[in-house]
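Listed below are the residues making up each chain.
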Amino acid sequence: MFGPPPPPPTSTNTTGVVVAFFFAGLAVYSVLNALIGFFVFFAAISAQGSSNPYVIAGTVVLAAVGLVAGIGLCFVRKPWARGTGLGLMIGWALWSILSAGFCTGLNPGLYT
């Protein structure tokens, strides 16, 4: 009387997109970490007084890029944004662990 039922909604598999952009976010954070890290390292070496302001600024920038931008991208709820956000956050954590906090500024005692 009313006709056939509507077809079921098509499900799109976005796992591949999330994984691909995860690795892209990890690579982007790694490049930014290297660039910002070199600038902070050279600024801390050439500082006349205390090098702590440079290390603190570098730490805040790297945490903002890795964690704040990563969490913000995860809230967008698009596959590319979620993958990139996860890559940024895991990149920050990975470099913090592998370098004992040297690359992300979490261990400023290594700079002296």
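Computed from a predicted structure; not experimentally measured.

Teacher, can you tell me more about the overall build of the protein chain here?
In terms of regular secondary structure, the protein chain is built from 3 helices and 0 strands. Listing each helix as α and each strand as β along the protein chain from the N terminus yields α-α-α. Its C-alpha atoms give the protein chain a radius of gyration of 20 Å, more than 25% over the compact-globule value 13 Å for 112 residues. Over its C-alpha atoms, taken along the principal directions, the protein chain stretches across nearly 85 × 20 × 20 Å.

I would appreciate a short explanation of a nonpolar patch on the surface in the present structure.
A cluster of nonpolar residues, Val28, Val31, Leu32, Leu35 and Phe39, forms a patch on the protein surface that exposes about 470 Å² of accessible area. Inspection of the secondary structure assignment puts Phe39 in helix α1 (residues 15–45). We classify Phe39 as exposed; its relative accessible area is 64%.

Honestly, the nonpolar core in this entry has me stumped. Any pointers?
Within soluble globular proteins, side chains that are nonpolar tend to cluster in buried spots. Counting 7 residues, the largest nonpolar core consists of Tyr29, Ile36, Val40, Val55, Leu62, Leu88 and Trp92. If you tally residues by element for this core, the top one is α1, at 3 residues. The residues contacting Leu88, other than those within four sequence positions of it, are Gly25, Leu26, Val28, Tyr29, Val65, Gly66, Ala69, Gly70 and Leu73.

What exactly am I supposed to notice about the packing of α1 against helix α2 (residues 52–74) here?
When two helices pack together, their arrangement is given by the angle between the helix axes and the distance between those axes. The geometry of α1 relative to α2 is characterised by a closest axis approach of 9 Å and an angle of 170° between their N-to-C directions. Relative to α2, the element α1 is oriented roughly antiparallel. The residues of α2 that touch α1, namely those facing Tyr29, Leu32, Asn33, Ile36, Val40, Ala43 and Ala44, are Tyr54, Val55, Gly58, Val61, Leu62, Val65 and Gly66. Residue composition of the contact of α1 with α2, by class: 11 nonpolar, 3 polar and no charged.

Please explain the confidence of the model for the protein chain as it appears in this structure.
Detailed reading of the predicted coordinates is not advisable wherever pLDDT is low. Counting all residues, the mean pLDDT for the protein chain is 86, and 94% of those residues have values of 70 or more. Across the protein chain, element-level confidence peaks in helix α3 (residues 79–98) with a mean pLDDT of 93 and bottoms out in α2 with 89.

Cut-offs applied
Residues numbered from 1 in each chain as written. Predicted model: local features only at pLDDT ≥ 70, side-chain atom pairs only at ≥ 80, totals over all residues. Heavy atoms only, no water. Helix = DSSP H or I, 4+ residues; strand = E, 2+ residues; numbered from the N terminus. Rg over C-alpha atoms; globule rule 2.2 N^0.38 Å. Patch = residues over 30% accessible without salt bridge, like charges linked within 9 Å, V, L, I, M, F, W, Y side chains within 5 Å. Areas by Shrake-Rupley, 256 points an atom, 1.4 Å probe, with all protein chains shown as cover. Salt bridge = Lys/Arg side-chain N within 4 Å of Asp/Glu carboxyl O. Buried < 20%, exposed > 50% of the residue type's maximum accessible area, 1.4 Å probe, protein only. Core = buried A, V, L, I, M, F, W, Y, C linked by side-chain atoms within 4.5 Å. Contact = heavy atoms within 4.5 Å. Axes fitted to C-alpha atoms, helices over the stretch in contact; angles between N-to-C directions. Parallel < 35°, antiparallel > 145°, perpendicular 65-115°, else oblique. Nonpolar A, V, L, I, M, F, W, Y, C, P; charged D, E, K, R; others polar. pLDDT = per-residue confidence, 0-100.

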